[in-house]
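Spelled out, the chains give:
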Amino acid sequence: MSAPGLDYGLIGNGRIAALIDVNGRIVWWCFPRFDGNPIFSRLLAGDEDKGFADVVLQDQVRAESGCERNTAIISTVLTDAEGGSVRITDYAPRFSLYGRMFLPAQIFRRIEPLSGLPRIRIRVRPTFQYGVPASARTLGSSHIRFAGGQDVLRVTTDAPLSYVAEETPFALTRPITLVFGPDEPFESGVETTGRRFEYETRQWWLRWVRTLAIPYEWQSSVIRAAISLKLCTFEDTGAIVAALTTSIPEAAGSGRTWDYRFCWLRDAYFVVQALNHLGNTNSMEAYLDYITNAISKAGPLRPVYGIVPGQSLDEWTAKDLAGFEGHGPVRVGNAAAEQHQHDVYGSVVLAAQQMFVDERLERMGDVSLFRRLEQLGELAWRLALQPDAGIWEFRGRWRVHTHSAAMCWVACDRLSSIAQTLGLPSEAETWKVRARQLREEILEQAWHPKRGAFTAAFGSDELDASALLLAEIGLVAPSDPRFIATCDVIERNLSRCGHIMRYTADDDFGSPESAFVICRFWLADALAAIGRTSDARDHFVDLLRYRNSFGLLSEDIDPVTGRLWGNLPQTYSMAGIVITAKRLSKGWEQAWSLASL
């Protein structure tokens, strides 16, 4: 089971997102969008008591917190020693208004007494400029305005303003509402607006969940994963971020702290794949619009882009934040944007391929889109057998990575299929020939006879969990003895207490300590493909046990303690829940027929 460390729940609306701990403390909120300044930065503040909003119940003895079923709303109940209790309800408004989605950069917090006469303190301690406490505070008639540099946060409330401003304890005798957001007048009643927005937001999520084609088994796990993936999509542009946090380390003191609040083309494909599995194609269409804007200029693809294409991702260190539990540095931006990672070409083509065959779509893929994808295919064909930084973004070495080469093959192979679908026989043949040539070269160079496995890079004997995807993408058949052998070798050599390492060879930061969550999902998928379905289910069911109490997975797991590490929620990991559950679950008809026996 997971040890304490990353037990946070997620609220959001497709523009902003926040993490809330089991006591109802908001510990992370970037404002006014995913990649903005963390107004609430307590998650990365080390021992400093700054960057949060909470409710302190006098003589508290118990806290119960969780996500409301099938929604992105979190409810927390705090109970005191006399049996008095309060409920905190947190959400970010999301619903249809005037024919479009209403996604304000606001968090609503409703606090209501449930029993007894609870006494509470409300504390709001925002930070600006990545960890700097507010330099100015102004009280209005029903709001507090916090400022730091050019940034401003307004907290509008119907609570006694002096009590909130001075953090004074008071008896909670009626429901109160706080609205955190931009410095704009709140022109309607706070309490009535809070109730209405909560109702509309709840109804929107309940309706959305009803549209999902979920599997029979593990339904609640898949639904929570789907909601979290939806919350990682920046709807203004269609970008899908890898995670909603920065710099939660892969392991204690490792220095492996990265900013994941951007759109990795590789990660985004897995999210698109997962949501497509659930019948939610809107994210795919929006993401393709984002890609069209991101790659509007000819030339090699970057592996990662900002949520607004074209923004700088220059990497720097936030000196005023000590890091998660003091493990820094806290990085802003990501130098991986300057790397060459050739697998991205296949990732984009894979994300787009359903556009050409799915009749449900309002706007299907056409020859024009195919021509744009062909430009990427030309680059994939040219770069397939050239060294790159690889899927794991090595900063200090380049090799011809098996996964990168295989994904370039994917680009060529799928372009051939798309051309055939569009009735373009000449183009279909051209890409088919190229794919065949690449496949032959990859299978020859990536196979290591002494290892008895496909290895991490051409000419290397090092193992890499990404080789588990070779059958998934179609480079080899699951029945190919070489792939079966590769699964066995990886399972034996990269397994640590049941969890799967990405690799075990030293990298730029030394020897890896944590297992990578998605790799165990890949293993489960591969084992199912080669006929070891029972083993695949065992891996999947065990891995679900490591989710935090809100149903979320981060990027990494300490294989010894089971503690979650790395940025949260990791879209790779949440997509793994959806994809693997869909593949391993009994069918609905099968489930009903078994029940009748």
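Further up the page is the structure itself.
Every value quoted in this text rests on a predicted model; they were computed, and no experiment measured them.

A.B. asks: Looking at this structure, how should I read the sheet that holds strand E30 (residues 515-516)?
C.D. replies: Strands belonging to one sheet form pairs held by backbone hydrogen bonds; the direction of such a pair is parallel or antiparallel. One open sheet holds the 3 strands; their spatial order is E30-E31-E32, and the pairing between them is antiparallel. Both outer strands of the open sheet, E30 and strand E32 (564-565), are each paired with one neighbouring strand and no more. Bridge analysis of E30 against strand E31 (residues 556-557) gives 2 bridges, and the strand direction is antiparallel. From the neighbouring strand, alanine 515 faces E31, where its bridge partner is isoleucine 557.

A.B. asks: Help me out: how do you make sense of the pattern of salt bridges in this one?
C.D. replies: Between side chains of opposite charge, a pair can form as their charged atoms come close. With the rule as written, the count across this model stands at 43 salt bridges. In this structure, aspartate 49 engages arginine 125 in a salt bridge whose closest nitrogen and oxygen atoms are separated by 3.7 Å. Taken together, the residues span a long stretch of sequence, with aspartate 49 in the loop between strand E4 (37-40) and strand E5 (52-57) and arginine 125 in strand E12 (residues 119-125) at a distance of 76 residues. Residues joined in a network through salt bridges with shared partners are Arg25, Arg42, Asp49, Asp54, Arg123, Arg125 and Glu167.

A.B. asks: Explain unusual backbone geometry to me, please; I cannot follow it from the model alone.
C.D. replies: Of all residues except glycine, most have a negative phi; of all peptide bonds, most are trans. Of the consecutive residues glycine 328 and proline 329, the connecting peptide bond is found in the cis state with omega at 0°. Cis rather than trans, the peptide bond between leucine 568 and proline 569 has omega equal to -20°. Topologically, proline 569 is positioned in the loop between E32 and helix H13 (571-584). At asparagine 70, a position not held by glycine, the phi torsion is positive, near 60°. Relative to the assigned elements, asparagine 70 resides in the loop between strand E6 (60-67) and strand E7 (74-80). Using a relative accessible area of 14% as the deciding quantity, one classes asparagine 70 as buried. Located in the positive-phi region is glutamate 167, a residue other than glycine, with phi close to 55°. Among the secondary structure elements, glutamate 167 is positioned in the loop between helix H1 (161-166) and strand E18 (170-171). Owing to a relative accessible area of 17%, glutamate 167 belongs among the buried residues under this scheme.

Cut-offs and rules
Residues numbered from 1 in each chain as written. Predicted model: local features only at pLDDT ≥ 70, side-chain atom pairs only at ≥ 80, totals over all residues. Heavy atoms only, no water. Pairing = 2+ DSSP bridges. Helix = DSSP H or I, 4+ residues; strand = E, 2+ residues; numbered from the N terminus. Salt bridge = Lys/Arg side-chain N within 4 Å of Asp/Glu carboxyl O. Buried < 20%, exposed > 50% of the residue type's maximum accessible area, 1.4 Å probe, protein only.

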